[in-house]
Amino acid sequence: MYSVTTVDPTLPLSPYREIGRAEWARLAAGLEQPLTETEVVELRGIGDRLSLTEVREVYLPLSRLLSLYATATKRLGAATSSFLQEDDTTTPFVVGVAGSVAVGKSTIARLLRELMSRWPGTPRVELVTTDGFLYPNAELERRGIMDRKGFPESYDRRALIEFLTNVKSGATEVRAPFYSHMRYDIVPDANVVVRRPDVVIVEGLNVLQPPPAPNDVAVSDLFDFSIFVDADTSHIEKWYVDRFLALRQAAFANPSSYFNVFAHLTDEEAITTALGYWNEINMPNLVENVMPTRHRARLVLRKGADHDVETVLLRKL
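Residues numbered from 1 in each chain as written. Predicted model: local features only at pLDDT ≥ 70, side-chain atom pairs only at ≥ 80, totals over all residues. Heavy atoms only, no water.

Section: the overall build of the protein
The secondary structure content of the protein amounts to eight helices and nine strands. Here the C-alpha coordinates of the protein stretch approximately 65 × 50 × 45 Å along the principal axes. In the protein, buried positions account for 46% of the 317 residues. Restricting to contacts in the protein with at least 6 residues of sequence separation, those with at least 24 account for 72%. By element, 52% of the accessible surface of the protein is carried by carbon and sulfur atoms, the whole surface being about 16100 Å². (Helix = DSSP H or I, 4+ residues; strand = E, 2+ residues; numbered from the N terminus. Buried < 20%, exposed > 50% of the residue type's maximum accessible area, 1.4 Å probe, protein only. Contact = heavy atoms within 4.5 Å. Areas by Shrake-Rupley, 256 points an atom, 1.4 Å probe, with all protein chains shown as cover.)

Okay, here's the thing in structure tokens:
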């Protein structure tokens, strides 16, 4: 039997450049900060501690790097079309953002959408989350996997592949289902519409999963660049509990919220409930399905206990 060895991007001998925070922050020199503090607060997810300093030192250089990759890819596409003596058929540059629940990937995806759209080469940027490709709750109940929502089998993988294939085929308009976190379900007849932008950011837990069978297409096969947001499991657990407590006083308090039943829990009851969800669902999914895909990313953002990025790992070309 053959054994397969995966590359750990934290090892000294790896296909990644390891760039410390101070070294990475120096790349921001000369770059103008395009966002105001109010805009950063609006982009920040519940529980995140995103600051203007973090935006300037980490995400502004990252957005510039992504814009350079997208622009270079567009030039290569145009050169290829010219060589083939046909019209330019370059398609949107697709960026995947993966990582655990509560690690901050949604905030990072929203932030990169705003920052990348400020660069001349990538003015039109769209964001799609894979939540829209979860099976509706009724289907999850029918399959007996409602308690595994977020695991790979809870997603309509075929629909996600079809969506990305259409994007990378240059379709004029592509539609993705819309997921409501308030309702905790897919909203029938609601869509996210993508009309051939410069960049499409796809954010989700399992976007770097290998294909279920050798001859199948992986979601990441349709990415031009991929990012994994990483942190110690103990930190993510704390962030998850903190976020649950914050949501209890915010979104959960809305009578229309699926989670309104948690709004009146005491602090102790809320912590116990959050840890239950973490230990029974989110932690196993992280260990079994999300963390093993880290080495598939082109870039890894390694966060410390305070949510700030401490190290950037960039795959060598």
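Some thoughts on the nonpolar core
Within the largest apolar cluster, 83 residues are counted, with the highest numbers of intra-cluster contacts made by Tyr-59, Ile-227 and Leu-299. Ranked by the residues each element gives to this core, the list is headed by helix 3 (residues 52–83), at nine residues. (Core = buried A, V, L, I, M, F, W, Y, C linked by side-chain atoms within 4.5 Å.)

Overview of the packing of aromatic side chains
Taken as a whole and judged by the stated rule, the model has seven aromatic pairs. Pairing Phe-133 with Phe-163 gives two aromatic rings, centres 5.6 Å apart and planes at 50°, and the pair type is tilted. Taken together, the positions of Phe-133 in the loop between strand 3 (125–129) and helix 5 (137–143) and Phe-163 in helix 6 (residues 157–168) put the pair 30 residues apart, joining distant regions of the chain. Both rings, one in Tyr-184 and one in Phe-259, keep their centres 4.9 Å apart while their planes meet at 70°; by these two values the pair is edge-to-face. Of the two residues, Tyr-184 sits in the loop between strand 4 (174–180) and strand 5 (185–194) while Phe-259 sits in the loop between helix 7 (233–249) and helix 8 (267–290), which places them 75 residues apart along the sequence. (Phe/Tyr/Trp six-rings, centres within 6.5 Å; stacked < 30°, edge-to-face > 60°.)

Considering the sheet that holds strand 3
Taken together, seven strands build an open sheet; the order of strands is 1-9-8-7-2-6-3 and the sheet is mixed. In the strand order of this sheet, the two ends are held by strand 1 (16–20) and strand 3, each with one partner. Each adjacent strand pair in this sheet contributes to an overall mean axis angle of 20°, direction not counted. Alignment of strand 2 (residues 93–99) against strand 7 (residues 225–230), held across five bridges, turns out to be parallel. Within strand 7, the residue paired with Ala-98 across the bridge is Phe-228. Against the sheet, helix 4 (residues 105–116) makes contact with strand 2, strand 3, strand 6 (199–203), strand 7 and strand 8 (299–303), and its axis sits at roughly 175° relative to strand 6, the strand it touches most. Helix 6 rests against strand 2, strand 3 and strand 6 of the sheet, and its axis sits at about 150° to strand 2. (Pairing = 2+ DSSP bridges. Axes fitted to C-alpha atoms, helices over the stretch in contact; angles between N-to-C directions.)

Digging into the packing of helix 7 against helix 8
Direction vectors running N to C along helix 7 and helix 8 enclose 135°, while the axes themselves pass 9 Å from each other. As far as their axial angle goes, helix 8 and helix 7 are oblique. Crossing hand, helix 7 versus helix 8: right-handed. Here Thr-233, Ile-236, Glu-237, Tyr-240, Val-241, Phe-244, Leu-245 and Arg-248 of helix 7 lie close against helix 8, whose contacting residues are Asp-267, Ala-270, Ile-271, Thr-273, Ala-274, Leu-275, Tyr-277, Trp-278, Asn-279, Asn-282, Met-283 and Leu-286. (Parallel < 35°, antiparallel > 145°, perpendicular 65-115°, else oblique. Left-handed = near helix turned anticlockwise from the far one by under 90°.)

Points about the pattern of salt bridges
The full count for this structure, using the stated rule, is 18 salt bridges. Of the charged contacts, one joins Glu-114 and Arg-118 as a salt bridge, the two residues approaching to 3.6 Å between their closest N and O atoms. Overall, Arg-118 belongs to the partly exposed group, its relative accessible area being 36%. Across the pair Glu-139 and Arg-142 runs a salt bridge whose closest N-O atoms are separated by 2.7 Å. Separated by three residues within a single helix, Glu-139 and Arg-142 lie in helix 5, roughly one turn from each other. Given the relative accessible area of 62%, Arg-142 is considered exposed. Within the structure, one salt-bridge network assembled from shared partners comprises Glu-39, Arg-113, Glu-114 and Arg-118. (Salt bridge = Lys/Arg side-chain N within 4 Å of Asp/Glu carboxyl O.)

Digging into unusual backbone geometry
Even without being glycine, Ala-102 reaches a positive phi, approximately 75°. Residue position: Ala-102 is located in the loop between strand 2 and helix 4. A positive phi is found at Tyr-184, a non-glycine position, where the angle reads about 60°.

Observations regarding helix 4
Between its first and last C-alpha, helix 4 extends 16 Å over 12 residues, near the 16 Å set by a 1.5 Å rise per residue. For helix 4, the complete set of buried residues consists of Lys-105, Thr-107, Ile-108, Ala-109, Leu-111, Leu-112, Leu-115 and Met-116. (Expected span 1.5 Å × (residues − 1).)

Focus on the environment of Val-167
Inspection of the secondary structure assignment puts Val-167 in helix 6. Assessed through its relative accessible area of 3%, Val-167 is described here as buried. In this structure, Val-167 is in contact with Thr-91, Pro-92, Val-94, Val-174 and Val-200, ignoring residues within four places of it in sequence.

Let's talk about empty space enclosed by the protein
The full count for this structure, using the stated rule, is two cavities of 30 Å³ or more. Estimated volume of the largest cavity: approximately 80 Å³. Classifying every residue of the lining of the largest cavity by side-chain character gives four nonpolar, three polar and four charged. The computed volume of the second largest cavity comes to approximately 40 Å³. The wall of the second largest cavity is formed by Ser-100, Val-101, Leu-205, Trp-278, Asn-282, Asn-285, Leu-286 and Val-290. The class makeup of the residues in the lining of the second largest cavity is five nonpolar, three polar and no charged. (1 Å grid on protein atoms, 1.4 Å probe; cavity = no way out; pocket = protein on both sides within 12 Å on 5 of 7 lines; lining within 4 Å. Points joined across faces, edges and corners; volume = space filled by probe spheres on them. Nonpolar A, V, L, I, M, F, W, Y, C, P; charged D, E, K, R; others polar.)

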